[in-house]
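# Structure at a glance
Listed here are the chains, written in short residue letters.
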Amino acid sequence: MKYLFIICILFWNLTGITVAAPDKAQVMELLEGRHWKLDVESFQLLGDDTDKVLIEIGGDTSLINYLRFRALDALSLFPTENTASFLELYAEKSFAPLARRGFEALKKGFYKTQPQRVKRLAVRLLKHHNAQVRISAARFMRSEDAPRFKLFLKSESDSWVRKEAQK
Amino acid sequence: MFNQKRNLKYPSLFLICFFISTALFLNSCGRFILKDEGVENKSIEELSGVSSAKTNIDGLNTTISEITQTVGSDGLLAGFFVVPEDGVSFLLSIFLGSNYNIKFYSLTDPDGTDILSASSTPNLYNEASGRLGNSGYANVLVPQSPSFSAKAGTWTFKAYSNNRISMALRTGSTPSAATIAIQPYITGTDWSASDISVALIIMKRIYSKNGITLTINDTITISDTQYAAVSGTFTDSTTSALVTQGSTAAVNLFFIEDYPPPPSIWSGILGNAAGIPGSMGIANSWNGVLISLTAHVSGSTLDAQLLGETAAHEMGHQLGLFHTTEKWGTEFDIISDTAECAKSSRDNNDDGLVSAEECDGYGANNVMFWRPWTTSSQSAGKKQETLSSHQQHVLKYSPLAK
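## Side note on the overall build of chain B
Within chain B one finds nine helices and 19 strands. In chain B, which comprises 402 residues, the share counted as buried stands at 47%. Taking the contacts inside chain B whose residues are at least 6 apart along the sequence as the reference set, 68% of them involve residues at least 24 apart.

The structure is reproduced here in C-alpha cells:
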C-alpha cells in the first residue's frame, strides 16, 4: 500500500511537471503573417517548453528571416537559462538585424530578474561595428548608466547615431 | 473745328482703350463676368474653392491645389471645391504640423449626401482615415470602391482643427485601363538595385495580370547609413526625411534594409504603407511605402516571389485597397466582389485566426489578403496574385494613374 502511494505521488508529480513541447508547426503558425504582432497569450498557452522550439526556429539559418526575427521576439516570454544564453550568443555573434533583436529580447525577458547581465551585454554592444546595434545598446544605457551613455556620445563619431541614440 | 473733332474723337478712343485694357486685366486675373447672382466678378479659383495655383503632376491629368477654409459658427473649418464634368477621382488630404489627431467632420457630394456620415449609404464613416482620424495627416479618396464616384459639381466639407487642406484632382476620360509609375528606392549598403530587380518584375507581372500596367523607374540608391533601418511610423523624423524624398508622380517603394527591433512594433513586419490610401502627388512624410529587405531573406538570398507580393500588397494599400479579410475573419473590405473568409466557417483549427491555408478558395490568393501563404505553401507553389474587378476599378481611377 505504501509503495502504491509513492508510485501515485511520483506519477502525479511527473504529470504535473511534464508538459509536452508544442509542435514546431504549431509555433510556426503563430509566427506567420504580413503585419505581425507578438500574441503573448497564445504563446503562453503553448507551455514552458516552447523556448526549445523557438530556439530551434531562431537558429535555423535555412528559414526566412522574418520567422527567425519573430521567434527571437517571442523568446522574451520564456526567460530560461537556455533562452538567455542563446540570445546573448546571437546578440554578439550574429548579423546585425538578428543581433539587435537578440539584445532587445534579452532586455525584455531578463531585465527584471538579471539587470546586470543585460547591462554587461549592452556595454559590449556599444562597440559593435554596426551602427543600429550600437543605437539599441546606447538607448538602454541612457536610462541605466547615464555617465557611460555620455561617454558613448563623446566617443561616437557618427552624428546621426548620437541623435538616434537620444530619441 | 479740329479741336472740336478731336474733343469728340478722343473720348471714344479712350473708352475703347479702357474697355479693352479692363477686359485684358480681368481675363489675366481669371475673372469673368457671370450672370449668376452672388458669384458675379469672382475668380475661377474662388468659385472652385481653390486658394492657390494648381500644380500639375508630371505626365498625369492630375492637379494639386490648396483649398480655402473658413471658420464656421460651430467652430469647425469649412470649405468647398468643384469637381468638373470630366472629373475622374480625387484625394482630399488634411494636414496638421504636429502629430495631433486630425480628421474631417463631413464631406458632402453635389447631391447632398455626406459620404462620411454613418447614416449615409454607402459611406466611409469607419473606413477613411479622413473620418477616423490620424496623426498629422488623414485623407478621403473618391472612389475608394465603385460604390462612390467623383460626381461633377460642388462638394463641401467640414473639418476639425488643421493647418491646410489640399486636393489631388484627376480629370479626363473614363478609365478602362491604367498605367501607374513606380519609383523604387533602396537604402543601406547590404543590398543593391540588382538584388530587387526580380521582385520588381514579379510585382509588375502581378499587376499586369490584373489589367494594370506598371512603369518601373530605375531604382534610386540612398546609401546614407541613417536610412538603413527606419521606423514604420511615418511621423518619425528619420522616416519622414526619407519618405519626403519620394517622387510626386509615382508610387514610391522604399526597400529599407530593416525596421528597428522590439520594442518597436515594426520589428517583425514585412512592409507597411503610409495609409489606406497614403498621400499622392505631394512630397511629404506619407508619400510612400516601406518594405523590409532583411525580413525577406532566406539563407543569404532574397525571396523574390514573397518580396514581389509584399511590394504589390503595400502598393495596393497606398492606393486605397484594404485587406480583403482581416486576421480574425470577422472584418472585410468595402469592396463587394472580393471573396470573404469568415471565421465562423473557415477557422478549422479554432485558433481564432483565418490563415491563407484555411482560406484556400475563399480569397487567400488575393494580393490584399491579410496574411501571406506559409513558407511551406509557398514552396508548394501557392501565390497571391489576383485582384478583383472592383479592386482594379479603384486602381484604374487612382489620381496617380493615367
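Additional details are given in the paragraphs that follow.
## Points about the overall build of chain A
Across its full length, chain A holds eleven helices and zero strands. Ordered by position from the N terminus, the helices and strands of chain A form the series α-α-α-α-α-α-α-α-α-α-α. Looking at chain A as a whole, 43% of its 167 residues are labelled buried. The contacts in chain A between residues at least 6 apart in sequence include a share of 57% that link residues at least 24 apart.

## Quick notes on the interface of chain A and chain B
If you look at the interface, chain A gives 25 residues, while chain B gives 29 residues. Elements represented by at least two residues in the side of chain A that touches chain B include exactly α5 (65-75), α7 (96-110) and α9 (131-144) of chain A. For the side of chain A that touches chain B, the element with the most residues is α7 of chain A, which contributes six residues. Classifying every residue of the side of chain A that touches chain B by side-chain character gives nine nonpolar, seven polar and nine charged.

## Quick notes on the pairing of strand β10 (residues 153-159) of chain B
Residue and element names in this part refer to chain B. Sheet topology note: the strand β4 (residues 77-83)/β10 ladder contains seven bridges and is antiparallel. Paired with Phe 80 across the strands is Thr 156, a residue of β10. Relative to β10, strand β7 (residues 104-108) runs antiparallel, the two being bridged by four bridges. Bridge pairing in β10 links Phe 104 to Ala 159.

## Comments concerning helix α2 (residues 24-31) of chain A
Three or four residues apart is the spacing at which side chains of an α-helix point the same way, because the helix has 3.6 residues per turn. Residue and element names in this part refer to chain A. Those residues of α2 lying buried are Val 27, Leu 30 and Leu 31. One face of α2 carries all of its buried residues, which in axial projection span an arc of 105 degrees. Buried residues belonging to α2 abut α3 (40-45), α4 (50-58) and α5. Immediately downstream of α2, the backbone of Gly 33 shows phi near 125 degrees, a positive value.

## Quick word on the nonpolar core
Ranked by internal contacts, the top residues of the largest apolar core, which has 149 residues, are Leu 253 and Phe 254 of chain B. Residues within four places of Phe 254 of chain B in sequence aside, it is in contact with Tyr 185, Thr 187, Leu 242, Val 243, Gly 288, Val 289, Leu 290 and Ile 291 of chain B.

## Topic: the sheet that holds strand β11 (residues 164-171) of chain B
Neighbouring strands of a sheet are bound in pairs by backbone hydrogen bonds; such pairs are parallel or else antiparallel. All names here are of chain B. Strand order in this open sheet of five strands is β1-β2-β11-β5-β9, and the pairing throughout is antiparallel. The sheet is open, and its two edges are formed by β1 (55-56) and β9 (137-142), each paired on a single side. As paired strands, strand β2 (residues 62-66) and β11 are joined by five bridges and run antiparallel to one another. Considered in β11, the bridge of Thr 63 is made with Leu 169.

## Description of the sheet that holds β4 of chain B
What the four strands build is an open sheet, ordered β3-β4-β10-β7 (chain B); its pairing is antiparallel. Both edges of this open sheet fall to β3 (70-71) and β7 of chain B, since each of them pairs with a single strand only.

## Structural notes on unusual backbone geometry
All names here are of chain B. Backbone torsion omega between Thr 121 and Pro 122 reads -10 degrees, so that peptide bond is classified as cis. Considering the arrangement of structural elements, one finds Pro 122 in the loop between β7 and α3 (129-132). With an omega of 0 degrees, the peptide bond between Ile 276 and Pro 277 qualifies as cis. You can see Pro 277 is positioned in the loop between β16 (271-273) and β17 (289-292). Here the phi dihedral of Asp 350 falls at roughly 60 degrees; this positive angle occurs in a residue that is not glycine. Along the chain, Asp 350 falls in the loop between α7 (343-346) and α8 (375-379).

## Comments concerning the packing of helix α6 (residues 81-93) of chain A against helix α8 (residues 115-125) of chain A
Think of two packed helices as two axes; the pair is described by the angle between the axes and how far apart they sit. Residue and element names in this part refer to chain A. Contact geometry of α6 with α8 gives a least axis separation of 11 Å together with a crossing angle of 10 degrees. If you check the angle between α6 and α8, you find them roughly parallel. Contact residues: Ala 84, Glu 88, Ala 91 and Glu 92 in α6; Arg 117, Leu 121, Arg 124 and Leu 125 in α8. Residue composition of the contact of α6 with α8, by class: four nonpolar, no polar and four charged.

## A word on the environment of Thr 83 of chain A
All names here are of chain A. By the secondary structure assignment, Thr 83 is in helix α6. For the pair Thr 83 and Ser 157, spaced 74 residues apart in sequence, the C-alpha separation works out to 34 Å. Sequence-distant contacts of Thr 83, that is, excluding residues within four places in its chain, are made with Asp 51, Leu 75, Phe 78 and Gly 109.

## What about the pairing of strand β12 (residues 178-187) of chain B?
Residues and elements named next belong to chain B. Most of β12 sits out of view: nine of its ten residues are buried. Note: β12 against strand β13 (residues 212-216), five bridges, orientation parallel. The residue of β13 that forms the bridge with Ile 180 is Leu 214. In this fold, β12 hands off to helix α4 (residues 193-209), which returns the chain to β13; that crossover is right-handed. Looking at chain direction, β12 and strand β15 (residues 251-256) are connected through five bridges and run parallel. What sits directly across from Gln 183, in β15, is Asn 252. As paired strands, β12 and strand β14 (residues 220-222) are joined by three bridges and run parallel to one another.

## Structural notes on the environment of Val 354 of chain B
Residue and element names in this part refer to chain B. Residue position: Val 354 is located in the loop between α7 and α8. For Val 354, a count of 29 C-beta atoms within 10 Å translates into the label buried. Separated by 254 residues in the primary sequence, Val 354 and Tyr 100 have C-alpha atoms spaced 34 Å apart. Other than its neighbours up to four places away in sequence, Val 354 contacts Thr 325, Gly 329, Cys 341, Lys 343, Arg 346, Asp 347 and Cys 359.

## So, the environment of Asn 99 of chain B
Note that Asn 99 of chain B resides in the loop between β5 (87-95) and β6 (101-102). Spatially, the C-alpha atom of Asn 99 of chain B lies 36 Å from that of Thr 374 of chain B, the residues being 275 residues apart in sequence.

## What to know about α6 of chain A
The end-to-end C-alpha distance of α6 of chain A is 18 Å, a good match for the 18 Å that 13 residues give at a rise of 1.5 Å each. Of the surrounding elements, those touching the buried residues of α6 of chain A are α4, α5, α7 and α8 of chain A.

The rules behind each value
Residues numbered from 1 in each chain as written. Chains lettered and ligands numbered in written order. Predicted model: local features only at pLDDT ≥ 70, side-chain atom pairs only at ≥ 80, totals over all residues. Helix = DSSP H or I, 4+ residues; strand = E, 2+ residues; numbered from the N terminus. Buried ≥ 20, exposed ≤ 12 C-beta atoms within 10 Å, placed from the backbone. Contact = placed C-beta atoms within 7 Å. Nonpolar A, V, L, I, M, F, W, Y, C, P; charged D, E, K, R; others polar. Pairing = 2+ DSSP bridges. Arc of directions from axis to C-beta. Core = buried A, V, L, I, M, F, W, Y, C linked by C-beta atoms within 7 Å. Axes fitted to C-alpha atoms, helices over the stretch in contact; angles between N-to-C directions. Parallel < 35°, antiparallel > 145°, perpendicular 65-115°, else oblique. Right-handed = clockwise from strand over helix to strand, strands pointing away. Expected span 1.5 Å × (residues − 1).

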